[in-house]
Amino acid sequence: MYEKIGTDQEGRDLRLMDVLESEPVDVVENLEIQKEIHRMRECMGSVLDERERQVITGRYGLNGQKELTQREIAEFLGISRSYVSRLEKRALEKMRNEMET
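In this text the structure is predicted, and so the values were computed from the model without any measurement.

S.K.: Residues and numbers for the overall build of the protein chain, please.
M.R.: Along the backbone of the protein chain there are 5 helices and 2 strands. The N-to-C order of helical and strand elements in the protein chain reads β-β-α-α-α-α-α. Each of the 101 residues in the protein chain was classed as buried or not, and the buried ones make up 19%. Total accessible area on the protein chain is roughly 7900 Å²; 51% of this is exposed by carbon and sulfur atoms. One way to put it: in the protein chain the 17 positive side-chain charges average out to a point 10 Å from where the 22 negative ones average out.

Encoded structure:
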């Protein structure tokens, strides 16, 4: 790790450690985040109806989708933008209530 592996453009010694250096990874924090994501996915499946799931999935770019605006979702679902807004708000409220219990 500390042995010289070459020099940079300015003639300074490069070591393997310099090339591989990265931000420290907090494994416990990453596990907690993954656990919460899993809980949210379960919550979406059990608490939200199909239309609410479509709105949340589209708005937040879940399941590999790109994030969509409320207007884009409204066009896709054939409903008004204001109704998409109400669905999103209601779905988030349902999920928050479920996650808090």
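Next comes the rest of the account.
S.K.: Before we move on, could you go through the pairing of strand S1 (residues 4–7) and cite the residues and values that matter?
M.R.: Pairing geometry for S1 and strand S2 (residues 13–15), over 3 bridges, is antiparallel. Its bridge partner being in S2, Thr7 is matched across the sheet by Asp13. Remark: 5 residues form the turn of the hairpin made by S1 and S2, two consecutive strands paired antiparallel; Gly11 in that turn has positive phi of roughly 85°.

S.K.: So what's going on with the environment of Glu32? Which residues, and what values?
M.R.: Inspection of the secondary structure puts Glu32 in helix H2 (residues 27–47). For Glu32 and Glu50, which are 18 residues apart along the polypeptide, the C-alpha to C-alpha distance reads 27 Å.

S.K.: Pulling in residues and values, what's your account of helix H3 (residues 50–59)?
M.R.: Listed as buried for H3 are Glu52, Val55, Ile56, Thr57 and Gly58. Taken together, the buried residues of H3 touch H2, helix H4 (70–77) and helix H5 (81–100). The opening residue of H3 is Asp49, an N-cap whose side-chain oxygen sits 3.1 Å from the backbone nitrogen of Arg51. Just past H3, the residue Gly61 takes up positive phi, approximately 60°.

S.K.: Lay out the environment of Glu67 with the relevant residues and their values.
M.R.: By the secondary structure assignment, Glu67 is in the loop between H3 and H4. Ignoring anything within four residues of it in the chain, the contact list for Glu67 reads Gly58, Arg59, Tyr60, Gly61 and Glu72.

S.K.: Tell me about the confidence of the model for the protein chain, and please be specific about residues and values.
M.R.: Residues with a pLDDT of 70 or more make up 90% of the protein chain, whose mean pLDDT is 88. Averaged over each element, pLDDT in the protein chain is lowest for helix H1 (residues 16–20) (69) and highest for H4 (97).

S.K.: Can you break down unusual backbone geometry residue by residue, with the values?
M.R.: You will see that Asn63, though not glycine, has its phi angle at about 55°, which is positive. With respect to the element layout, Asn63 can be found in the loop between H3 and H4. Here Asn63 falls in the exposed class, since its relative accessible area comes to 56%.

S.K.: Please provide a residue-by-residue account of the side chain of Thr57, values included.
M.R.: Mapped onto the fold, Thr57 is located in helix H3. Looking at Thr57, its side chain comes within polar contact range of the main-chain oxygen of Arg53, at 2.8 Å. Once residues lying within four places of it in the same chain are set aside, the contact partners of Thr57 are Met44, Leu62, Asn63 and Gln65.

Rules used in this analysis
Residues numbered from 1 in each chain as written. Predicted model: local features only at pLDDT ≥ 70, side-chain atom pairs only at ≥ 80, totals over all residues. Heavy atoms only, no water. Helix = DSSP H or I, 4+ residues; strand = E, 2+ residues; numbered from the N terminus. Buried < 20%, exposed > 50% of the residue type's maximum accessible area, 1.4 Å probe, protein only. Areas by Shrake-Rupley, 256 points an atom, 1.4 Å probe, with all protein chains shown as cover. Lys, Arg positive; Asp, Glu negative; His and termini not counted. Charge placed at Lys NZ, Arg CZ, Asp CG, Glu CD. Pairing = 2+ DSSP bridges. Contact = heavy atoms within 4.5 Å. Polar contact = N/O pair within 3.5 Å; in protein donor to acceptor, adjacent residues only side chain to side chain. pLDDT = per-residue confidence, 0-100.

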